[in-house]
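# Structural characterization, general
Here's the letter readout for the chains.
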Amino acid sequence: MTTLAKGQRLKISDLIPTGAFRVGLAAHGLAVDFACFGLDSAGKLSDDRYMTFFNQPRSPCGGLEVCTVPGDPDGFAFKLASLPTTVDRVVVALSVSGDGVMSALGSGYLRIVEGERELAHFPFTGADFSSERALILGEFYRKDGGWRFMAVGQGFDGGLEALVKHFGATVEESLTPPAAQAAKVALNKRVEREAPQLVNLIKQAGVSLQKVGLSDHHAKVCLCLDISGSMAGLYRQGMVQSFAERVLALGCKFDDDGAIDVFLFGEDVHQPVPMGLANCRGYVQQLVARHPLEGDTRYGRAMAAIRGFYFPDTAGGERLSPVKAALPVYVMFVTDGSTSDKAVTEKQLRWSGMEPIFWQFMGIGNGRKPKSRLLAAFSTADFPFLESLDDLPGRFIDNADYFSVSSLDEHSDAALYDLLMTEYPGWLKLASRHGLLP
Amino acid sequence: MAISLQKGGNVNLSKEAPSLKKLVIGLGWDPRATDGAAFDIDGSAFMLKADGKVRSDSDFVFYNNVKSTDGSVSHGGDNTSGVGEGDDEKILIDLSLVPSEIDRIAVGVTIHEADARRQNFGMVGKAYIRCLDANGNKEIARYDLSEDSSTETAMIFGEIYRAGAEWKFKAVGQGFAGGLGPLARSFGIST
């Protein structure tokens, strides 16, 4: 058995003529994900199917496969002879899946095992590293007609994204897709681990987004919740919590960080910590514990706070000329009653028309106004003011939509996501045409 | 064509390249793509008397002493990161100018601050040292440092030495513990 040091090489073809072996992996003290990358002779991942990891456990040729190695937390099975000649080397890498940097690693190793026999062992510890968030542990590569292995132990502070970028396709093919995909994949894995109740919701949101052509859309998602006293029942029944999770799932589709900003409003406005994968369980309950329900309802104040948070230059005040941003903000605004600051609210919505913020208002009440204009004439709207906001004149562009529900759980997930995407896609085009978005 | 030398093998430069007047020692490597301290590989030459020692410190040509007093050995300048095409560092040896009391010239290659940076040749991508005829840039000998000397941090690449009226090159390829300082002291440099 050879103990390998960084930089050391090994002639695999001499040691293991069949080229069939397993790689056992461990990295204690940090939550990490392992992956193998089959690269071309230029060192690029020209075929995405040659990123082998938990979510894509086998390469098309079967030459690389996630496997269990007795005694090791993670492992890969290699059949070098099965790899196509286009795969010139296979990199074994790891990246932190949560917080932390590699210097926080306890001990770890990569070992090469043939059958039961350990042929090589490459140990490493956190002391070997500093602020890296992704590491190349080793590399199997073709040399002089055979395969060799080198112990690498070098990495990237930028984590998985930087690693994938390093292996990225050539400039013409653009660097971003594999990186974006990897970030997406990393998020999906976090969801499975930290908030499995969101998995189906995220899928459902994905279906609705696909229908309106926003599968790869990026946006910041903000949830603005009414905490006036009349909402008490909804909070108590856990309805707000489940609704917030549905919005968080949308946030996970729009944003790779897996979190949404949250604002609470009654008489005053509060901005608690964002709702994310790690703290989403019982999130609303904690909110209510910290922020007792309030006696008044003031939309305008809440809107000023939200505008001020995303576009601080006017501090939530009047905006005289359009402002542009790379990412739009989708605000899910939830209320069960009318506001006592109507004039302020109207001003806020007009000023916000020059900002890349979309306001999706949702009224919760017992009756509701049908979407059909014809039927609407015969029914009484529960939220005449909100409805008037939807069509408020004097705005730069139409930046709001409104619908009402009889109860927070009235709609299936699928129907809710469809409703949330009624006017937003059109606004995106409008906002972009008017220079609010790229 | 280039002679592929095994460790310890030698070649008669005057016979292989009768017109040879100037030798180029070329050093190349890929810049570091990962995060961390850059890879800085240095080439150096020691002009030695028959006893294997330098006459004085000025016979040690490296990034801080880029030309021997007689002008026979010169250093092309320090590259501290490997950025650039082709050879990243070059040492030029003009055989016609080498004083007669100099019996041979040893060429070393080291990693700058290898211990502190915990680096070795194997960690550096595509690191090599080679010896060429300056006229036509014909390669005479080469070591693949990344592959063949992967765990070393300092190495004596080769020696150019007199054999009567002729010059020979011997591929030494021997690792040397401790880096440039100890390597220089072993040749009688007083640093």
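Computed from a predicted structure; not experimentally measured. As a convention, each chain's residues are numbered from 1 in the sequence order in which they are written. Numbering of ligands from 1 and lettering of chains from A proceed in the order in which they are written. Note on the predicted model: pLDDT of at least 70 is required for a residue's local features to be given, and 80 or more for side-chain atom pairs to be given and counted; whole-chain, interface and lining totals, by contrast, use all residues. The basis for every side-chain value is the complete set of heavy atoms in the structure, and neither hydrogens nor water enter the calculation.

## What to know about the interface of chain A and chain B
By definition, residues are in contact when any of their heavy atoms lie within 4.5 Å. Listed per partner, the contact involves 17 residues of chain A and 15 residues of chain B. Buried area: the accessible surface (1.4 Å probe) lost by two parts on joining, summed over both. Both faces considered, chain A and chain B share a buried interface measuring about 1,200 Å² in area, 42% of it formed by carbon and sulfur atoms. Interface area lost by chain A to chain B is led by A:K6, A:R9 and A:Q154, which between them contribute 43%. Throughout this description, the term salt bridge denotes a Lys or Arg side-chain nitrogen within 4 Å of a carboxyl oxygen of Asp or Glu. Along the contact surface separating chain A from chain B lie four salt bridges.

## Quick look at the environment of A:A304
Helix and strand assignments come from DSSP, with helices taken as H or I runs of at least 4 residues and strands as E runs of at least 2, each series counted from the N terminus. Along the polypeptide, A:A304 turns up in helix 8 (residues 299-310). Beyond its immediate stretch of four places on either side in the chain, A:A304 contacts A:G316 and A:Q348.

## Looking at the packing of helix 8 of chain A against helix 9 (residues 342-352) of chain A
All names here are of chain A. Lines fitted to the C-alpha atoms define the axes, with helices restricted to the stretch that makes contact. Angles between their N-to-C directions range from 0 to 180 degrees. Two elements in contact, helix 8 and helix 9, have axes separated by 7 Å at closest approach and are oriented at 25°. By the angle between their directions, the pair helix 8 and helix 9 is classed as roughly parallel. As for how helix 8 packs across helix 9, the hand of that crossing is left-handed. Every residue of helix 9 that contacts helix 8 at Y299, G300, M303, A304 and R307 is listed here: V344, T345, Q348, L349, W351 and S352. Amino acid classes used here: Ala, Val, Leu, Ile, Met, Phe, Trp, Tyr, Cys and Pro are nonpolar; Asp, Glu, Lys and Arg are charged; the rest, including Gly, are polar. For the contact of helix 8 with helix 9, a count of residues per class yields six nonpolar, four polar and one charged. Working rule for angles: under 35 degrees goes down as roughly parallel, over 145 as roughly antiparallel, 65 to 115 as roughly perpendicular, anything else as oblique. For any helix crossing, the convention is left-handed if the near helix is rotated counterclockwise from the far helix by under a right angle, and right-handed if that rotation is clockwise.

## Observations regarding the sheet that holds strand 8 (residues 128-133) of chain B
Residues and elements named next belong to chain B. Strand pairing is assigned whenever DSSP identifies at least 2 bridges connecting the two strands. The strand order 5-6-2-8-9 describes an open sheet built from five strands, whose pairing is antiparallel. Two strands bound the open sheet, and with one partner strand each, they are strand 5 (73-75) and strand 9 (138-144). Averaged over all pairs of adjacent strands, the angle between their axes in this sheet comes to 15°, without regard to strand direction. In this structure, strand 2 (residues 22-28) lies alongside strand 8, joined through six bridges in antiparallel fashion. Note that in strand 8 the partner of I25 across the bridge is C131.

## Quick word on the pairing of strand 19 (residues 400-405) of chain A
Residue and element names in this part refer to chain A. Using a 1.4 Å probe on the protein chains alone, a residue whose accessible area is under 20% of its type maximum counts as buried, one over 50% counts as exposed, and one in between counts as partly exposed. For strand 19, the buried fraction is high: six of the six residues fall into the buried class. Pairing of strand 18 (residues 357-364) with strand 19, which is carried by six bridges, proceeds in the parallel orientation. Each residue of the ladder has a partner; that of Q360, found in strand 19, is D401.

## Describing the packing of helix 6 (residues 239-254) of chain A against helix 7 (residues 283-290) of chain A
Geometry of a packed helix pair, given as the angle between the helix axes and the separation of the axes. Residue and element names in this part refer to chain A. Interhelical geometry of helix 6 versus helix 7 gives an angle of 125° and a closest axis separation of 8 Å. Regarding the angle of helix 6 to helix 7, the classification is oblique. The two elements helix 6 and helix 7 cross, and the hand of that crossing is right-handed. Within the contact between the two elements, helix 6 uses V240, Q241 and A244 and helix 7 uses Y283, V284 and Q285. When grouped by side-chain class, the residues that make up the contact of helix 6 with helix 7 number four nonpolar, two polar and no charged.

## Side note on the environment of B:S19
In this structure, B:S19 sits in the loop between helix 1 (13-16) and strand 2. Once the C-alpha coordinates of B:S19 and B:N135 are considered, the two residues, 116 residues apart in sequence, prove to be 8.4 Å apart.

## Considering the sheet that holds strand 11 (residues 166-175) of chain B
Ordered in space as 1-11-10-7-3-4 (chain B), the six strands form an open sheet in which the pairing is antiparallel. Edge strands, defined here as strands with exactly one partner in the open sheet, are strand 1 (10-12) and strand 4 (60-61) of chain B.

## Some thoughts on the confidence of the model for chain A
Counting all residues, the mean pLDDT for chain A is 87, and 93% of those residues have values of 70 or more. pLDDT expresses how confident the predictor is about each individual residue, on a scale running from 0 to 100. Every residue in residues 367-381 of chain A is under pLDDT 50, and counting partners more than four places away or in other chains gives 20 contacts.

## Re the packing of aromatic side chains
Here a ring pair, both rings aromatic, is described through the centre-centre distance and the interplanar angle of the planes. Classification of ring pairs uses Phe, Tyr and Trp, with its six-membered ring standing for Trp, and accepts pairs whose centres are within 6.5 Å; under 30 degrees between planes counts as stacked, over 60 as edge-to-face, and the remaining range as tilted. Under the defined criterion, the tally for this structure stands at 30 aromatic pairs over all chains. Between the aromatic rings of A:F21 and A:F78, the centroid separation amounts to 5.1 Å while the plane-to-plane angle is 10°, which identifies the pairing as stacked. On the criterion of sequence distance, the pair formed by A:F21 in strand 3 (residues 20-27) and A:F78 in strand 7 (residues 74-79) is long-range, its members being 57 residues apart. With a relative accessible area of 1%, A:F78 lands in the buried category. Pairing A:F21 with A:F140 gives two aromatic rings, centres 5.1 Å apart and planes at 35°, and the pair type is tilted. With A:F21 in strand 3 and A:F140 in strand 11 (residues 134-143), this residue pair connects regions lying 119 residues apart in the sequence. We note that A:F21, like A:F140, is buried. Site record: aromatic cluster; members linked through ring pairs are A:F265, A:Y299, A:F333, A:W359, A:F361 and A:F385. Sitting over a ring, as applied to charges here, requires NZ of Lys or CZ of Arg to be within 6 Å of the ring centre and within 35 degrees of the ring normal. Here the basic side chain of B:R142 rests over the ring of B:Y128, its NZ or CZ set 4.5 Å away from the ring centre.

## With respect to the side chain of B:D94
Within the element layout of this structure, B:D94 appears in strand 6 (residues 89-94). Engagement of the side chain of B:D94 in a polar contact is seen with the side chain of B:S96, the distance being 2.6 Å. A 3.5 Å cut-off defines polar contacts: any pair of N or O atoms within that distance qualifies, except that in protein one atom must be a possible hydrogen donor and the other a possible acceptor, and neighbouring residues in sequence count only when both atoms are side-chain atoms.

## A closer look at the pairing of strand 7 (residues 104-111) of chain B
All names here are of chain B. Among the eight residues in strand 7, eight count as buried, and that is most of the element. Alternating residues of strand 7 divide into R104, A106, G108 and T110 and I105, V107, V109 and I111, and every residue in both groups is buried. Direction of pairing for strand 3 (residues 41-48) relative to strand 7: antiparallel, over a ladder of eight bridges. Across the sheet, the residue bridging to S44 is G108, located in strand 7. Alignment of strand 7 against strand 10 (residues 154-163), held across seven bridges, turns out to be antiparallel. Along strand 10, the bridge assignment pairs V107 with G158.

## So, the pattern of salt bridges
In this structure the tally under the stated criterion is 31 salt bridges over all chains. Between A:R301 and A:D268 there is a salt bridge whose closest N-O contact spans 3.0 Å. Taken as a pair, A:R301 in helix 8 and A:D268 in the loop between strand 14 (259-265) and strand 15 (269-270) lie far apart in primary sequence, 33 residues in all. On the accessibility criterion, A:R301 (36% relative accessible area) is partly exposed. A salt bridge links B:E113 to B:R117; the shortest N-O distance between them is 3.4 Å. Of the residues examined, B:E113 reaches a relative accessible area of 43% and is grouped as partly exposed. Exposure remark for B:R117: the relative accessible area of 27% places this residue in the partly exposed category. One network of salt bridges, with partners in common, ties together A:R9, A:D144, A:R148 and B:E147.

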